[in-house]
Amino acid sequence: MSEDPLVVVQPRGLDRFKKAVSRVVAVNVMKVRRPPPGSIPGVDLDYPPPHIGKVHEQVQIQVTDFDSDDISVKILNNDSLAAFLDQERPQHSKVRWINCSHISFDVIKILGKKYSLHPLAVEDLFHIPQRVKVDLYEEHVYASMILPTISKDENIDESKFYLFQGHQSLLMKSGFPEKESAYLYRPNLVMEQCAFFLLNNGVVLSIFQNGGGLCVESINKRLTETPKKHSLMRRYSDPSFMLYAFIDVIVDHYLLILDFYQEQLAYVQDKIIAKPKVYLTRALHMMNKELVLLKSVIGPADYALDTLISSRDYEDFSGSRSSLTAPYQISKLTATYVRDVKDHIQFFVGNLEEYEQLIQGMTFNSITHSTNESMKILAVTSLIFLPLTLLCGIYGMNFEYFPELHFEMGIIYFWILASVIIVILIFISWRMKWLSINH
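Residues numbered from 1 in each chain as written. Predicted model: local features only at pLDDT ≥ 70, side-chain atom pairs only at ≥ 80, totals over all residues. Heavy atoms only, no water.

Peer 1: Break down the packing of helix α10 (residues 239–274) against helix α11 (residues 280–298) for me, citing the residues and quoting the values.
Peer 2: One way to put it is that α10 packs onto α11 with a least axis distance of 12 Å and a crossing angle of 155°. When the interaxial angle is binned, α10 and α11 end up roughly antiparallel. Crossing handedness for the pair α10 and α11: left-handed. Contacts from Tyr254, Ile257, Tyr261, Gln264, Leu265, Val268, Lys271 and Ile272 in α10 reach Leu280, Leu284, Met287, Glu290, Leu291, Leu294 and Ile298 in α11. Taken together, the residues that form the contact of α10 with α11 break down as twelve nonpolar, one polar and two charged. (Axes fitted to C-alpha atoms, helices over the stretch in contact; angles between N-to-C directions. Helix = DSSP H or I, 4+ residues; strand = E, 2+ residues; numbered from the N terminus. Parallel < 35°, antiparallel > 145°, perpendicular 65-115°, else oblique. Left-handed = near helix turned anticlockwise from the far one by under 90°. Contact = heavy atoms within 4.5 Å. Nonpolar A, V, L, I, M, F, W, Y, C, P; charged D, E, K, R; others polar.)

Peer 1: Break down the pairing of strand β6 (residues 141–151) for me, citing the residues and quoting the values.
Peer 2: Put simply, side chains in a regular strand alternate between the two faces of the sheet. In terms of residue burial, β6 counts as a mostly covered element, since nine of its eleven residues are buried. Linking strand β5 (residues 133–136) back to β6 in an antiparallel pair, the connection comprises four residues. Pairing geometry for β6 and strand β8 (residues 188–198), over eleven bridges, is antiparallel. Across the sheet, residue Ile146 finds its bridge partner in β8, namely Gln193. (Buried < 20%, exposed > 50% of the residue type's maximum accessible area, 1.4 Å probe, protein only. Pairing = 2+ DSSP bridges.)

Peer 1: Provide a residue-level description of the pattern of salt bridges, including the pertinent values.
Peer 2: Once the charged atoms of two side chains with opposite charge are near each other, the side chains can pair. Summed over the entire model, instances satisfying the criterion amount to eleven salt bridges. As a salt-bridge pair, Lys133 and Asp135 come within 3.1 Å of each other at their nearest N and O atoms. Close ionic contact of Glu180 with Lys271 constitutes a salt bridge, the shortest N to O distance being 3.0 Å. Of this pair, Glu180 sits in helix α7 (residues 178–181) while Lys271 sits in helix α10; the two residues are 91 residues apart in sequence, bridging distant segments of the chain. We classify Glu180 as buried; its relative accessible area is 2%. Linked through salt bridges whose partners overlap, the residues forming this network are Asp124, Lys133 and Asp135. (Salt bridge = Lys/Arg side-chain N within 4 Å of Asp/Glu carboxyl O.)

Peer 1: Let's hear about the confidence of the model for the protein chain: which residues, and what values?
Peer 2: When pLDDT is averaged along the protein chain, the result is 81, and 85% of the positions lie at 70 or above. Within the model, the stretch residues 1–11 combines pLDDT values under 50 with 13 contacts to residues more than four positions away or in other chains. Across residues 20–32 the pLDDT falls below 50, and counting only partners more than four positions away or on other chains, this stretch makes 23 contacts in the model. (pLDDT = per-residue confidence, 0-100.)

Peer 1: With reference to specific residues and values, describe the nonpolar core.
Peer 2: Within the largest apolar cluster, 73 residues are counted, with the highest numbers of intra-cluster contacts made by Phe196, Ile219, Met242, Tyr254 and Leu294. Considering every element that reaches this core, the biggest residue donor is α10, with 19 residues. Non-local contacts of Phe196, meaning those with residues more than four positions away in its chain, are made with Val141, Tyr142, Ala143, Met145, Leu205, Ser206, Phe208, Leu243, Phe246 and Ile250. Leu45, Val107, Tyr115 and Leu117 belong to the second-largest nonpolar core, a separate cluster that totals 34 residues. (Core = buried A, V, L, I, M, F, W, Y, C linked by side-chain atoms within 4.5 Å.)

Peer 1: Could you give an account of helix α5 (residues 119–126), with specific residues and numbers?
Peer 2: Here α5 lies mainly inside the structure; six of its eight residues are buried. Restricting attention to buried positions, one finds in α5 the residues Ala121, Val122, Glu123, Asp124, Leu125 and Phe126.

Peer 1: Hey, could you go over the packing of α11 against helix α13 (residues 332–395) for me, with residue numbers and the actual values?
Peer 2: Packed helices, taken two at a time, are described by the angle between their axes plus the distance between the axes. At their nearest, the axes of α11 and α13 sit 10 Å apart, and the two run at 160° to each other. Relative to α13, α11 is oriented roughly antiparallel. Here the hand of the crossing between α11 and α13 comes out left-handed. From α11, Thr281, Leu284, His285, Met287, Asn288, Leu291, Val292, Leu294, Lys295 and Ile298 reach across to α13, where they touch Phe348, Val349, Leu352, Glu353, Tyr355, Glu356, Ile359, Met362, Thr363, Ser366 and Ile367. The class makeup of the residues in the contact of α11 with α13 is 13 nonpolar, five polar and three charged.

Right, here's the structure in full:
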């Protein structure tokens, strides 16, 4: 393996501040991204809309060329990309992976002209957030995915997009106990837009909104650290399989989110079984809202993978690089593994639906229990005062001859009798455990 040395220079405080400001400005420009009604669909790279042409960021571009025997990595930037792409590819470059850490129009323009990216796909790159989908174009496959990450940082990063945020502060303002917040903390969910292109001649292009993080790191490990005899990407050198690998890593992040909610729901369920509390319904309502949003965003991935599988071409990638002339070829190997990822997506969505039903059941049970406890209080109170009401009703009748009304100590006898009745009824209620009220 050959790799260009990459010297990382720690920026000064002012430089870091300028870079952070430029990131926020670039993201805010992309937020105002919708063209006016009646605009021509797609993006002309020579005449881009102002809201797209202004998007500029410093992008770290990693170009990895590999086959089953050798691999080389180049690190480029916005300025050096065009000259590098004009060079001839290495002999071992059966697959070329170009990874862009961020979205910048000058970089997309170079790549778009080099690889004939469709104007509609380019437009989708800048429409953030974009839904999960797979589009089949004449020259390439375009896949849009969302990489979700759970964040417990209460400080909102303006350079990122959130599916939901601020639920924890709303929960605490509603009177949620501090001791429970550690177990039922409501996180923010960061959404990172990811775009993948399966191009001609064994080229795979990946573009991330915020660097790709663990996704890119995982792919690099599979290519460089995993022994090539165990790495399917290296062994088969199949560009479509690399597209699958990205989707697989992203779906693995979905399952991590599923584990997070599974642990929280198990905790709430144990608390409700042991001692139902009304405040738990507030956390359950928050969870239900989050799960609904998650399903609406990630649910379409099932249909996207169907589109990818339906486009498969059962060509074997055992030939030379020059034989890969089809616009997009999804190998039989890739189609098999994509079906496995599709099963994971269906498992994810199915569990989200089960969690929603579980939350609805627990919320109903908690509210019903609270109502029953309130009715129990009213019933016990009525039981205690009903005999007293009977006594008052009897001695309040307007009979002329009522001997007890003329007793000198009558009122004292009445209070003694009333007190004895109250004590007896409270004792009976206590023995019957009617006074064990849970709020």
